[in-house]
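Each chain is listed here by its residues.
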Amino acid sequence: MNDVSAVPVAPAEAASAPAVTASVLVVDHPLVQHKVTLARSEETTTDNFRRLVREISQLLTYEATRDLPMETIAIKTPIAPTQSPVLAGKKLCLVSILRAGNGFLDGMLELLPAARVGHIGLYRDPETLEPVEYYFKMPEDIRERMVIVVDPMLATGNSAIAALNRLKESGVTMLKYVCLIASRPGLNALRAAHPDVAIVTAAIDEELNEHGYIVPGLGDAGDRLYGTR
Ligand code: URA
């Protein structure tokens, strides 16, 4: 793993960033990087792509939950009583940005079966190019939960920023963002808008093309997950 909290931020954005800046973690573990390469390849079939995204999401979840609070409980093994650590019951909510975020959820829920799930749907207004919300469904107690927002592709950052704005307006204070590939411009924009939100990703790609796709990226994650193109 590679903690790049010092990841370069565009100068104007850096100047306006508050003092407390959460980390950006690029998970450079060989297993993750191998699977990201397979997922990037255009030769990877839909079923393999879906499996790879599920596996990568689990490996990223492992890192994203590394700082969850623990407590010690008394148990008895077949041999002896002992004190042993468990999660301290911090309530988690995974929030998927539709639709590709759902490709991340399945794997994460296998590791975090008690987590609640929220969904946010956003589309890009063709005139203003701004994200417009069409769906927002969260657990009632969302403000008490630690929220991990998931979307495989952090491209321009507009959807991520809008989703985090909306969650903060709903009272959420503990937030992380997990993606498979972040573009450098999207990462800079997200960190400028939400410097308090820790980001976990498997890769940072330098560019976006004129259609807003990450270069080299992996194409349209939703289409590749669901075989819609
Ligand atoms: N969304 C995707 O699915 N892929 C990109 O490259 C950018 C946004």
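Residues numbered from 1 in each chain as written. Predicted model: local features only at pLDDT ≥ 70, side-chain atom pairs only at ≥ 80, totals over all residues. Heavy atoms only, no water.

An unreviewed UniProt entry lists the chain under the name Uracil phosphoribosyltransferase, from Cupriavidus yeoncheonensis. The record held by UniProt for the chain lists under Function (unreviewed entry) the comment "Catalyzes the conversion of uracil and 5-phospho-alpha-D-ribose 1-diphosphate (PRPP) to UMP and diphosphate." (UniProt positions renumbered as here; feature names shortened; annotations may be inferred.)

Moving on to the site of the ligand. As a matter of local geometry, the ligand sits amid M153, A155, G212, Y213, I214, G219, D220 and A221. Between the ligand and the protein, one listed contact pairs a nitrogen atom with a backbone N or O atom of G219 at 2.7 Å. Note that an oxygen atom of the ligand is positioned 2.7 Å from one of the backbone N or O atoms of A221. Surface burial for the ligand is 82%, taken as the share of its 240 Å² of free accessible area covered by protein chains. When its residues are assigned to classes, the shell around the ligand shows five nonpolar, two polar and one charged. (Near = heavy atom within 4 Å. Polar contact = N/O pair within 3.5 Å; in protein donor to acceptor, adjacent residues only side chain to side chain. Areas by Shrake-Rupley, 256 points an atom, 1.4 Å probe, with all protein chains shown as cover. Nonpolar A, V, L, I, M, F, W, Y, C, P; charged D, E, K, R; others polar.)

Another point: a nonpolar patch on the surface. On the surface, Y123, Y134 and Y135 cluster together into a nonpolar patch covering about 340 Å² of accessible area. The residue Y134 is located in strand 7 (residues 131-137) in this model. Given a relative accessible area of 48%, Y134 falls into the partly exposed group. (Patch = residues over 30% accessible without salt bridge, like charges linked within 9 Å, V, L, I, M, F, W, Y side chains within 5 Å. Salt bridge = Lys/Arg side-chain N within 4 Å of Asp/Glu carboxyl O. Helix = DSSP H or I, 4+ residues; strand = E, 2+ residues; numbered from the N terminus. Buried < 20%, exposed > 50% of the residue type's maximum accessible area, 1.4 Å probe, protein only.)

Annotation from UniProt places "binding site: 5-phospho-alpha-D-ribose 1-diphosphate" (unreviewed entry) at R99, R124, D151, P152, M153, L154, A155, T156, G157, N158, S159 and D220. Relative to the helices and strands, A155 resides in the loop between strand 9 (153-154) and helix 5 (158-169). Setting aside anything within four residues of it in sequence, one finds A155 in contact with S183, G186, L208, G212 and I214. Structurally, T156 can be placed in the loop between strand 9 and helix 5. Only 3.1 Å separates the side chain of T156 from the backbone nitrogen of N158, close enough to count as a polar contact. (Contact = heavy atoms within 4.5 Å.)

Within the element layout of this structure, S170 appears in the loop between helix 5 and strand 10 (174-183). Among residues more than four places away in sequence, those in contact with S170 are F136, I142 and R143.

Further remarks concern unusual backbone geometry. R99 follows L98 through a cis peptide bond whose omega is -5°. By the secondary structure assignment, R99 is in the loop between strand 5 (92-97) and helix 4 (101-111). Geometrically, the link from V215 to P216 is a cis peptide bond, its omega value of 5° lying close to zero. Take P216: it is sitting in the loop between strand 13 (214-215) and helix 7 (221-226).

Residues annotated by UniProt as "binding site: uracil" (unreviewed entry) correspond here to I214, G219, D220 and A221. In this structure, I214 sits in strand 13. Using a relative accessible area of 7% as the deciding quantity, one classes I214 as buried. Sequence-distant contacts of I214, defined by excluding residues within four places in its chain, comprise M153, L154, A155, I181, A182, S183, D205, E207 and L208. Mapped onto the fold, A221 is located in helix 7. A residue is classified by how much of its surface remains accessible, and A221, at 6% relative accessible area, is buried. When near neighbours in sequence (up to four residues on either side) are disregarded, A221 contacts F49, A100, P152 and M153.

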